[in-house]
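Examining the three-dimensional arrangement
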Amino acid sequence: MSTDFLTDISKTLEEIKADGLYKRERMITSPQGGEIRVGDAAVINLCANNYLGLADHPDLIAAARGVMDDKGFGMASVRFICGTQDIHRELEQRLAKFLGKDDAILFAACFDANGGLFEPLLGPEDAIISDSLNHASIIDGIRLCKAKRYRYLNSDMNDLEAWLKQAREDGARHIMIATDGVFSMDGYLAKLPEIRALADKYDAIVMVDDCHATGFMGKTGAGTPEHFGVDADILTGTLGKALGGAIGGYIAGPQPVIDLLRQRARPYLFSNSLPPSIVAAGLEAIRLVEEGDGLRARLFENAKYWRAGLEKLGFDLLPGEHPIIPVMLGEAQLAQDMAARLFDEGVYVSGFFFPVVPRGQARIRTQMNAALTREELDRALAAFGKVGQELGIVS
């Protein structure tokens, strides 16, 4: 390989480190849970997307283990060749029913679902209007599509309406509004009632990525549309967060949309099917969610208690009602230093900084889950208070 090429790559890596932006990974030696082991250390985990605490749930593990005797380990094929088992369709239909949609289609991850959504449905004569803080997978999926692209300021309904007017003036055949249901860096909920009203006014389609809501937002856990009591035309989501924390994504929506995606969504057509163990565990996760009012209640009780505790300590928090509770610090190096010091105190968190969030808005993104006990939260609050004082963040 070219020496000059590797030299340039190494130089870039050194610049990332010098800017305090280098991301390091810790090796977990236990199952995912409220408390985990990293090497020989037991730490309270406040940075996983394990909202309902199902990642190490014995019923999911038993379902995954048990199905392999009957269905095998892997599919060794894409869906349309010889990679579709009856349980794949069972999971798609269960997801669709749970979300109130005609049908659903499975992908390896929601990144793939968003990557495969836009291109088959929209062409050069159409338009997509995307929230400026949408997830990278939505941004990348839109880039693959030939539709005209517009971007509105995060949750700014005046700006969204201005672009809807512009798209209509530009002669768009179909217009799709694309938004996260929950903006994961901030824990903010999209303004779905206002978005729905504007979509109806301008005859637009509403697409919502509900990865950080499916399973626990809304009366039955069906996500942000249910939380607000409105309809989203197309939903994308994941099995990799509240629904067990493994892998797998989906799109749910009207039957013709799902049927066309089966024919033309490239990540679906050219990726192996989900393994049977993941599918079986996904089915079990939906069952637990449908019976899981207690899990959802405990999740939001933990979130309320944790937010109140951090506020009492004097930390700068973003407002919200979601279990994502960001602690704002500003500088990337401070976020990394605080994460490292908290780890020494037995609390596992991660610093978030550019390019994941804008420069100057570095933070510790804490995330609640139903598996955390009050005793663990109290220990974590004590650690935050100690480290916050040592670093001069709180008095």
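Quick note: structure is the one above.
Bear in mind the structure is a predicted one, so any value in this text is a computation, not a measurement. (Residues numbered from 1 in each chain as written. Predicted model: local features only at pLDDT ≥ 70, side-chain atom pairs only at ≥ 80, totals over all residues. Heavy atoms only, no water.)

Some thoughts on the overall build of the protein
Tallying secondary structure elements over the protein gives 15 helices and 15 strands in all. For 395 residues, the compact-globule estimate of 2.2 N^0.38 gives 21 Å, and the protein sits close to it at 22 Å. Along the longest, intermediate and shortest principal axes, the C-alpha atoms of the protein span 60 × 55 × 55 Å. For the protein, the accessible surface area stands at approximately 17700 Å², while carbon and sulfur atoms represent 52% of it. Across the protein, the mean location of the 42 positive side-chain charges is 1 Å away from that of the 55 negative side-chain charges. (Helix = DSSP H or I, 4+ residues; strand = E, 2+ residues; numbered from the N terminus. Rg over C-alpha atoms; globule rule 2.2 N^0.38 Å. Areas by Shrake-Rupley, 256 points an atom, 1.4 Å probe, with all protein chains shown as cover. Lys, Arg positive; Asp, Glu negative; His and termini not counted. Charge placed at Lys NZ, Arg CZ, Asp CG, Glu CD.)

Thoughts on the nonpolar core
Core analysis: the biggest nonpolar cluster contains 91 residues, and Leu46, Trp306 and Phe384 have the highest contact counts within it. Here the element with the most residues in this core is helix α12 (residues 276-290); it accounts for nine residues. Not counting chain neighbours up to four residues away, the residues in contact with Phe384 comprise Leu46, Trp306, Leu310, Leu313, Phe315, Val327, Met338, Leu342, Val347, Val349, Ile364 and Thr366. Core analysis: the second largest hydrophobic core is formed by 25 residues, Ile105, Cys110, Cys145 and Val257 among them. (Core = buried A, V, L, I, M, F, W, Y, C linked by side-chain atoms within 4.5 Å. Buried < 20%, exposed > 50% of the residue type's maximum accessible area, 1.4 Å probe, protein only. Contact = heavy atoms within 4.5 Å.)

Here we look at empty space enclosed by the protein
A full pass over the atoms with the stated rule returns two cavities of 30 Å³ or more. Surrounding the largest cavity, Arg79, Leu106, Phe107, Ala108, Pro267, Tyr268, Ser271, Asn272, Ser273 and Leu274 form its lining. Elements with a minimum of two residues in the lining of the largest cavity: β3 (103-107) and α11 (266-269). Considered class by class, the residues forming the lining of the largest cavity number six nonpolar, three polar and one charged. Taken as a whole, the second largest cavity holds about 30 Å³ of empty space. Lining the second largest cavity are Leu192, Ile195, Arg196, Val206, Val208, Val230, Asp231 and Ala232. Those elements that provide at least two residues to the lining of the second largest cavity are α8 (192-201) and β9 (205-209). Counting residues per element, the lining of the second largest cavity draws most heavily on α8, at three residues. (1 Å grid on protein atoms, 1.4 Å probe; cavity = no way out; pocket = protein on both sides within 12 Å on 5 of 7 lines; lining within 4 Å. Points joined across faces, edges and corners; volume = space filled by probe spheres on them. Nonpolar A, V, L, I, M, F, W, Y, C, P; charged D, E, K, R; others polar.)

Here's the deal with the pattern of salt bridges
For the structure shown, the criterion picks out 24 salt bridges. With a closest N to O distance of 4.0 Å, Asp70 and Lys71 form a salt bridge. According to the relative accessible area criterion, Asp70 is exposed, its value standing at 61%. Between Glu161 and Lys201 there is a salt bridge, and its shortest N-O distance comes to 2.7 Å. (Salt bridge = Lys/Arg side-chain N within 4 Å of Asp/Glu carboxyl O.)

Some details on the side chain of Asp126
With respect to the helices, strands and loops of the structure, Asp126 is situated in the loop between α5 (110-121) and β4 (127-131). Its relative accessible area of 0% is what places Asp126 among the buried residues. Polar side-chain contacts of Asp126 include one of 2.8 Å to the backbone nitrogen of Gly123. One polar contact links Asp126 to Arg173, side chain to side chain, over a distance of 2.8 Å. If we skip the residues at most four places from it in the chain, Asp126 touches Leu121, Ala147, Lys148, Ala172, Arg173 and His174. (Polar contact = N/O pair within 3.5 Å; in protein donor to acceptor, adjacent residues only side chain to side chain.)

Observations regarding the packing of helix α2 (residues 58-71) against α12
Viewed as axis vectors pointing N to C, α2 and α12 meet at an angle of 140°, and their least axial separation amounts to 8 Å. Relative to α12, α2 is oriented oblique. The two elements α2 and α12 cross, and the hand of that crossing is right-handed. Contacts from Asp59, Leu60, Ala63, Ala64, Val67, Met68 and Lys71 in α2 reach Pro276, Ser277, Ala280, Ala281, Glu284, Ala285, Arg287 and Leu288 in α12. Here the contact of α2 with α12 is built from residues that sort into ten nonpolar, one polar and four charged. (Axes fitted to C-alpha atoms, helices over the stretch in contact; angles between N-to-C directions. Parallel < 35°, antiparallel > 145°, perpendicular 65-115°, else oblique. Left-handed = near helix turned anticlockwise from the far one by under 90°.)

Considerations on unusual backbone geometry
Here Phe354 and Pro355 are connected by a cis peptide whose omega angle stands at 10°. Position of Pro355 among the secondary structure elements: in the loop between β14 (351-352) and β15 (362-367). Phi at Ser155 takes a positive value of approximately 55°, unusual for a residue other than glycine. Looking at the secondary structure, you find Ser155 in the loop between β5 (148-152) and α7 (157-169). In the Ramachandran plot, Asp203 falls in the positive-phi region, its phi being about 55° despite a non-glycine side chain. Assignment of secondary structure puts Asp203 in the loop between α8 and β9.

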